[in-house]
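Letter by letter, the chains look like this.
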Amino acid sequence: MSRQFDVLVIGGGPGGYVGAIRAAQLGFNVACCESNPYADPKGEPRLGGTCLNVGCIPSKALLHTSHLFEEAGHGFAAQGISVGTPKIDIPTMVGRKNTIVNQLTGGIKGLFKKNKVTLLNGHGSFVAQSEGGWQVKVGEEVVEAKNVIIATGSKARHLPGVLVDNKIVCDNEGALDIDAVPKKLAIIGAGVIGLEMGSVWRRLGSEVTILEALPEFLSVADVDVAKEAAKVFAKQGLNIQLGVTIGEVKASKKGVSLAYTDKDGKELKLDADRLIVSVGRIPNTDGLNAEAVGLKLDERGRVDVDSHCRTNLPGVWAVGDVVTGPMLAHKAMEEAVMVAELMDGQSAHCNFDTIPWVLYTSPEIAWVGKTEQQLKADGVAYKVGKIPFAANGRALGMGDTTGFVKMLADAQSDRILGMHVIGANASELISEGVVAMEFGAASEDLARICHAHPTLSEVVHEAALACDKRPLHF
Ligand code: FAD
Ligand code: NAI
C-alpha cells in the first residue's frame, strides 16, 4: 500500500516549503517532494527553490559585495577615508554567496524536521485521482494525498537560437557564478534581473550594455521613478538601449557577437565577453502529467487558479510562480499560507493589491499599490506627495541623497493608493506603505504618526504631509 499523506506539496521553493510548514503547524501529515535540479554534493534534494539557490538570496549577496566594492572605490574618499584602489577576488565573493545559500537551504531542511514534514527526493507527477485523494508518483514511489499543493515555480525563458551554456551565455543561474569580471558584458532584457546583475558587474568594473525590446524603460514602475532610475543608471555608466530587436547571436569560447537593430532601425553589432539573457520566466508545468488528470492550464501555460489558489481539480491547489501574478518569493509564501489555512477550514485570503516590489539596485527601487499612470488610466482623482531624500538630514549624513518618496492618495477619501520609493533603503521603507495600505490608512494617518529623527522614514512622513500640501521640511 502506498504511503498516505494529508497534504503533498510538489516543489520545495518559497511557495512549497512555506505551504508545507504552515500545513504541518496546523496538524496535517505533510510531505514535500523536490526534484533537485541544483548541484548538491551529496545528491540530496536541495530546498529553497529558485529563490534560495539561484535567485533572491545569491543575487542579493553579490549585490551587497559589489556595493561595498563600489563604496570603497568611489564613496569613501568623500568622507575622508582612503583605502587605495580596492581589488575584488571573485572566487571569494562567489564562495561567500555559496556559503549563504548552503546555510539557508540546509536551514529549511532543519525546519522540515522540526515541523515533521516528510521530505521526498524526486520529481512529482500526477498518476490519477483515487479514493484517498490523489496518487502522485515521486521518483519510483507512488504516494497518496488528500490535498496536493503544486508549487513547481518557474525557469528562465530562453530566446530561440541563443544557446545558454551558463558559461559564456548565461541565464540567471550562470549569471550568479561568473568566475571573472567580464571586460564587456551584454545583457538582453532590462527587467529586474538585467538591472540587478548589470549593477553587480558594472560596479566590479565591467562595461555593461543592456538591450531592451520595449521602447519605454521600466514601464512597470511609476513614471517618475522610471525617469529618475534611467537618469541615475545612465550616470553610473549602465548603457541601456531601448526599442531594440535582437538578431543573430554567435557565441564562442572567447565571447559573443550579437547583431541587433536599434530603435531607429539601424543595424548594429555588439561584441562582449559574456552575455546574460534575462527576458522573463516560464512556469514549470512540464512533467506534472497535467493532461492525464485534466489539470487546467491558462493561456500562458500557468496552472489556472481562482483568487484562492484553487485549481479545477478538487483538493488540488497551486501557488507561486507557477500561477498568475507577480513572480515574487513573498507572493508565493503568502499564497501558500492562505492555502494551508483554507485547507484547515479557516477564512484566509491574500491581498494582491498590497504586494510590494523591490529592485535591489543602487538606488533601491520599491513600490506598492497603484502607479500614477495606472490611476490616470483608471480615471481616479488622486493627490500626490513627493519629497526628495536630499531634504533629509539622515540621507545627507549617509552621503546618499538620490531619489524621493512619492505617495498617491485618493483625492476624496485620502486613502493611500500607492507608495513609490527610489533611494537608499527603499526595500525597508516600503513596508510602512504596505502596512498603511493593508489597514486602509489615509495619508493623514501617516502624517499624524511620530517618525524617529533622524531617519530616512521621515521622508515617508513628509510625503504623507505633502499629500495635504503641508510638508514641514521641504
Ligand atoms: P521556485 O522557487 O521556482 O521553486 C519551485 C521548486 O519546485 C524548485 O525547487 C523546483 O526544483 C521544484 N520542482 C519543479 N517541478 C517539480 C516537480 N514536478 N516535482 C518536484 N519538484 C519540482 N523574488 C523576490 O521576491 N525577491 C527577490 O529579490 C528575487 N530575486 C530573484 C533573483 C533572481 C535571479 C531570480 C531568478 C528570481 C528572483 N526572485 C525574487 C523570484 C523568486 O525567486 C521566485 O518568485 C520564487 O522563487 C518563486 O517561488 P516558488 O516556490 O513559486 O518557485
Ligand atoms: P522581467 O520580466 O523583469 O524582465 C524581462 C525584460 O526583458 C522585459 O523588460 C522585457 O521587455 C525584456 N525582453 C523580453 N524579450 C526580449 C527580447 N527578445 N529582447 C530584448 N528584451 C526582451 O524578467 P527577468 O528580469 O528575467 O526576471 C524574471 C522575474 O524574476 C522577474 O519578473 C521577477 O518576477 C523575478 N525577479 C525578482 C527580483 C526582485 O524581486 N528583486 C529580482 C530578479 C528577478
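Treat the numbers as computed from the prediction; the structure is a model and nothing was measured.

### What to know about the overall build of the protein chain
Next up, step 1: Of the regular secondary structure elements, the protein chain holds 14 helices and 22 strands.
Next up, step 2: Seen through its C-alpha atoms, the protein chain measures out along the principal axes to roughly 70 × 60 × 45 Å.
Next up, step 3: With 474 residues in all, the protein chain has 52% of them scored as buried.
Next up, step 4: Contacts in the protein chain between residues at least 24 apart in sequence constitute 62% of all its contacts with a sequence separation of at least 6.

### What to know about the site of ligand 1
Next up, step 1: Ligand 1 sits among 37 residues. The nearest are Glu 34, Thr 50, Lys 60, Gly 124 and Asp 321.
Next up, step 2: One of the backbone N or O atoms of Gly 15 is found 2.8 Å from an oxygen atom in ligand 1.
Next up, step 3: The separation between a nitrogen atom of ligand 1 and a polar side-chain atom of His 123 is 3.2 Å.
Next up, step 4: Sorting the residues of the shell around ligand 1 by element identifies α1 (14-25), β2 (30-34), α2 (49-54), α3 (56-75) and α9 (329-343) as the ones contributing at least two each.
Next up, step 5: At four residues, the largest contribution of residues to the shell around ligand 1 is made by α2.

### What about the site of ligand 2?
Next up, step 1: With respect to spatial proximity, 23 residues lie near ligand 2, and among them Ile 193, Glu 212, Gly 280, Met 327 and Val 358 are the closest.
Next up, step 2: The backbone of Ala 213 places a nitrogen or oxygen atom 3.1 Å from a nitrogen atom of ligand 2.
Next up, step 3: Residue Val 358 places a main-chain N or O atom 2.7 Å away from a nitrogen atom belonging to ligand 2.
Next up, step 4: Starting from 840 Å² of accessible surface for ligand 2 in isolation, the protein chains cover 78%.
Next up, step 5: Going through the elements one at a time, α6 (192-203) and β18 (357-359) are the ones with two or more residues in the shell around ligand 2.
Next up, step 6: Sorting elements by how many residues they give to the shell around ligand 2 places α6 first, with three residues.
Next up, step 7: Among the residues making up the shell around ligand 2, the classes are represented as 14 nonpolar, four polar and five charged.

### As for the pairing of strand β5 (residues 133-138)
The side chains of a regular strand alternate between the sheet's two faces.
Next up, step 1: In this sheet, β5 lies alongside strand β4 (residues 124-130) in antiparallel orientation, the contact comprising six bridges. Residue pairing across strands places Phe 126 opposite Val 136, the latter belonging to β5.
Next up, step 2: Where β4 hands over to β5, the hairpin turn is made up of two residues, counted between the paired strands.
Next up, step 3: Note: β5 against strand β6 (residues 141-150), five bridges, orientation antiparallel. Across the sheet, Gln 135 pairs through a bridge with Glu 144, a residue of β6.
Next up, step 4: Linkage of β5 to β6, two consecutive antiparallel strands, is achieved through a turn of two residues, within which Gly 139 is found at a positive phi near 60°.

### A closer look at the domain arrangement of the protein chain
Next up, step 1: Domain annotation for the protein chain reports domain 1 (4-156 + 282-350), domain 2 (169-279) and domain 3 (354-466).
Next up, step 2: Each of domain 1 and domain 3 was reduced to a C-alpha centroid, and the two centroids are 30 Å apart.
Next up, step 3: Contacts between domain 1 and domain 3 engage eight residues on the former and six residues on the latter.
Next up, step 4: Between domain 1 and domain 3 the total buried area reaches about 640 Å² when both faces are included, carbon and sulfur atoms providing 71% of it.
Next up, step 5: Of all residues in domain 1, the largest losses of buried area upon contact with domain 3 belong to Lys 60, Leu 328 and His 330, amounting jointly to 44% of the total for that side.
Next up, step 6: Taken together, domain 1 and domain 3 are joined by zero salt bridges.

### Focus on the sheet that holds strand β12 (residues 245-251)
Next up, step 1: Strand order in the open sheet made by the three strands is β12-β13-β14, with antiparallel pairing throughout. Either end of the sheet is taken by a strand with one partner, and the two such strands are β12 and β14 (267-272). If you compare each strand with its neighbour and ignore which way they point, the axes differ by 20° on average.
Next up, step 2: In terms of strand pairing, β12 meets strand β13 (residues 256-261) through five bridges, oriented antiparallel. Considered in β13, the bridge of Ala 251 is made with Val 256.

### Focus: the packing of aromatic side chains
Next up, step 1: Summed over the entire model, instances satisfying the criterion amount to three aromatic pairs.
Next up, step 2: Centre to centre, the rings of Phe 126 and Trp 134 are 5.9 Å apart; their planes meet at 80°, and the pair counts as edge-to-face.
Next up, step 3: Look at Phe 126 and you get buried, because its relative accessible area is 1%.
Next up, step 4: Residue Trp 134 is classed as buried on the basis of its relative accessible area, which comes to 2%.
Next up, step 5: Between Phe 217 and Phe 233, the ring centres sit 6.2 Å apart and the planes meet at 85°, which makes this aromatic pair edge-to-face. Of the two residues, Phe 217 sits in the loop between β10 (207-211) and α7 (223-236) while Phe 233 sits in helix α7, which places them 16 residues apart along the sequence.
Next up, step 6: Over the face of the ring belonging to Phe 404 we find Lys 386, whose NZ or CZ atom lies 4.5 Å from the ring centre.

The rules behind each value
- Counting from 1, residues in each chain are numbered in the order their sequence is written.
- Think of it this way: whatever chain is written first is A, whatever ligand is written first is 1, and the rest follow in order.
- Side-chain atom pairs in this predicted model are given and counted only at pLDDT of 80 or more, local residue features only at pLDDT of at least 70, and totals for whole chains, interfaces and linings cover all residues.
- As a rule here, side-chain values come from all non-hydrogen atoms in the structure, and water together with hydrogens is ignored.
- The way it works is that DSSP assigns letters per residue, a run of H or I at least four long becomes a helix, a run of E at least two long becomes a strand, and they are numbered from the N terminus.
- For every residue, the accessible area (1.4 Å probe, protein chains only) is compared with the maximum for its type, and the residue is labelled buried under 20%, exposed over 50%, or partly exposed between those bounds.
- Residues are treated as being in contact if the distance between any of their heavy atoms lies within 4.5 Å.
- Throughout this document, a residue counts as near a molecule or strand when at least one of its heavy atoms sits within 4 Å of that molecule or strand.
- Here a polar contact is taken to be a pair of N or O atoms separated by no more than 3.5 Å, where protein atoms must pair a possible hydrogen donor with a possible acceptor and residues adjacent in sequence count only if both atoms sit in side chains.
- Calculation of accessible area relied on Shrake-Rupley with a 1.4 Å probe; when residues are assessed, cover is drawn exclusively from the protein chains displayed.
- Only Asp, Glu, Lys and Arg are considered charged in this grouping, and only Ala, Val, Leu, Ile, Met, Phe, Trp, Tyr, Cys and Pro are considered nonpolar; every other residue, Gly among them, is considered polar.
- At least two DSSP bridges between two strands are needed for those strands to be called paired.
- What marks off one domain from the next here is an automatic or database domain assignment.
- Two parts placed together each lose some accessible area; with a 1.4 Å probe, that loss summed over both constitutes the buried area.
- In the sections that follow, a salt bridge refers to a side-chain nitrogen of Lys or Arg positioned within 4 Å of a carboxyl oxygen of Asp or Glu.
- Every axis corresponds to a line fitted to the C-alpha atoms, with the helix fit spanning only the stretch in contact, and the corresponding angles, defined between N-to-C directions, vary from 0 to 180 degrees.
- Two aromatic rings from Phe, Tyr or Trp, using only the six-membered ring of Trp, form a pair when their centres are within 6.5 Å; if the ring planes differ by under 30 degrees the pair is stacked, by over 60 it is edge-to-face, and anything between is tilted.
- Ring-over charges, as used throughout, are those where CZ of Arg or NZ of Lys falls within 6 Å of the ring centre and within 35 degrees of the ring normal.

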